[in-house]
Amino acid sequence: MRTVLKHLKESLLQLFPTTKFRIILIVLVLTAAFISVSELAVAKLFTQIILNQGELTTAQMILYVLGFFIFFGGTRAGQYFQRIYRVNVFESAFSASEKKIRRRKENWRWSQAFELTNLLSTFTQMSVIIIFLTFLNWQFGLLNIVVVAIALQILGRIYGKQVKSQRGFVKARERKEHIPSAIKFGTRIRSGETGILLSGIAMLFLLGALIALSFNGEISPSNTIVFFFGLRMQNSGLSNISSGLMRFARARTHSE
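Residues numbered from 1 in each chain as written. Predicted model: local features only at pLDDT ≥ 70, side-chain atom pairs only at ≥ 80, totals over all residues. Heavy atoms only, no water.

### Focus on the overall build of the protein
And step 1. When its secondary structure is counted, the protein shows seven helices and zero strands.
And step 2. Moving toward the C terminus, one meets the helices and strands of the protein in the order α-α-α-α-α-α-α.
And step 3. The buried share among the 256 residues of the protein stands at 43%.
And step 4. A total of about 14400 Å² of accessible surface is found on the protein, and carbon and sulfur atoms cover 64% of it. (Helix = DSSP H or I, 4+ residues; strand = E, 2+ residues; numbered from the N terminus. Buried < 20%, exposed > 50% of the residue type's maximum accessible area, 1.4 Å probe, protein only. Areas by Shrake-Rupley, 256 points an atom, 1.4 Å probe, with all protein chains shown as cover.)

Shown next as structure tokens:
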């Protein structure tokens, strides 16, 4: 993972040359993390409504339902505006950059910026989810941290190999050597799908542990449902990181 973190840092400094734009980017990333926490809060609120509906008064039920829709609508709206606003941030940051690049690499710079923000947002979201799940149950949380750390380490190695492959494609293009599209696309897709498969295996392992803890009564039914939603989000995050890293490798090497 050191290679991944190093490349993310280098791209951040290159694409966002001033402190102003880096702060704006951090705010966008933190906004994405807040949305993740809100989605878990929505899941928790939903389980409270379903599991305790027989014990709630009509006024309490109305309050819970209104809160659910407000939170849910707020997360969707926040995600929409966060993704739209970053386009304006990219354009302003690139205009402020003193480093001019060839027009051919302009599209790759945009692709690199999108993948960078997506990866940073996903990493931050996963960190928040892990902290939230650990807060609910520290035993499962520690197990979750170990499993995710192993998965990320493997993804880092796959990323390193993908960078070498993409640089090889760039050099071949400079030498005007033809490489079939099936090889260029297949290499990236295969690497991304391998990571997605890995995240699925990690998800199955963690679900097994969750079921065992739930049967033993160490996790309450409502928290078990929240854990399930959290693990689904975490699995989606790992999958997005896997495919996003491979696209980032392609964009980074082609814009160098």
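### Here we look at helix 1 (residues 2-15)
And step 1. With 14 residues, helix 1 should cover 20 Å at 1.5 Å per step; its first-to-last C-alpha distance of 20 Å lies within 8% of that length.
And step 2. All buried positions along helix 1 are accounted for by Val4, His7, Leu8, Ser11 and Leu15. Each buried residue of helix 1 sits inside an arc of 100 degrees when the element is viewed along its axis, so together they form one side. When the buried face of helix 1 is taken as reference, the exposed residues oriented beyond 90 degrees from it are Arg2, Leu5, Lys6 and Lys9. (Expected span 1.5 Å × (residues − 1). Arc of directions from axis to C-beta.)

### Some points on helix 6 (residues 181-215)
And step 1. With 35 residues, helix 6 should reach 51 Å at 1.5 Å per residue; the first-to-last C-alpha distance of 50 Å fits that figure.
And step 2. Gly217, located one to two residues past helix 6, shows a positive phi value of around 80 degrees.

### A short note on the packing of aromatic side chains
And step 1. With the rule as written, the count across this model stands at four aromatic pairs.
And step 2. Look at Tyr159 and Phe248: their rings are 6.4 Å apart centre to centre, the planes differ by 25 degrees, and that puts the pair in the stacked class. Of this pair, Tyr159 sits in helix 5 (residues 138-174) while Phe248 sits in helix 7 (residues 221-255); the two residues are 89 residues apart in sequence, bridging distant segments of the chain.
And step 3. When its relative accessible area of 0% is taken as the criterion, Tyr159 is described as buried.
And step 4. For Phe248, a relative accessible area of 0% corresponds to the buried category. (Phe/Tyr/Trp six-rings, centres within 6.5 Å; stacked < 30°, edge-to-face > 60°.)

### Some words on the packing of helix 5 against helix 7
And step 1. Relative to each other, helix 5 and helix 7 sit at 20 degrees, their axes nearing to 7 Å. As summarised for this structure, helix 5 and helix 7 are arranged roughly parallel, according to the angle between their axes. In the packing of helix 5 onto helix 7, the handedness of the crossing is right-handed.
And step 2. The residue inventory of the contact of helix 5 with helix 7, partitioned by class, reads 17 nonpolar, seven polar and four charged. (Axes fitted to C-alpha atoms, helices over the stretch in contact; angles between N-to-C directions. Parallel < 35°, antiparallel > 145°, perpendicular 65-115°, else oblique. Left-handed = near helix turned anticlockwise from the far one by under 90°. Nonpolar A, V, L, I, M, F, W, Y, C, P; charged D, E, K, R; others polar.)

### Describing a nonpolar patch on the surface
And step 1. Judged by side-chain polarity, Ile62, Leu66 and Ile70 come together as a nonpolar surface patch covering roughly 320 Å² of accessible area.
And step 2. Inspection of the secondary structure puts Ile62 in helix 3 (residues 58-96).
And step 3. By relative accessible area, which is 47% here, Ile62 ends up partly exposed. (Patch = residues over 30% accessible without salt bridge, like charges linked within 9 Å, V, L, I, M, F, W, Y side chains within 5 Å. Salt bridge = Lys/Arg side-chain N within 4 Å of Asp/Glu carboxyl O.)

### Description of the nonpolar core
And step 1. In this structure, Phe16, Leu152 and Ile241 are the most contacted members of the largest nonpolar core, which totals 32 residues.
And step 2. At the level of secondary structure, the elements contributing two or more residues to this core comprise helix 1, helix 2 (19-51), helix 3, helix 4 (103-136), helix 5 and helix 7.
And step 3. Here the element with the most residues in this core is helix 5; it accounts for seven residues.
And step 4. Once you skip the residues sitting within four places of it in the chain, Phe16 turns out to touch Ser11, Phe21, Arg22, Leu25, Val89, Phe90, Ala93 and Leu116. (Core = buried A, V, L, I, M, F, W, Y, C linked by side-chain atoms within 4.5 Å. Contact = heavy atoms within 4.5 Å.)

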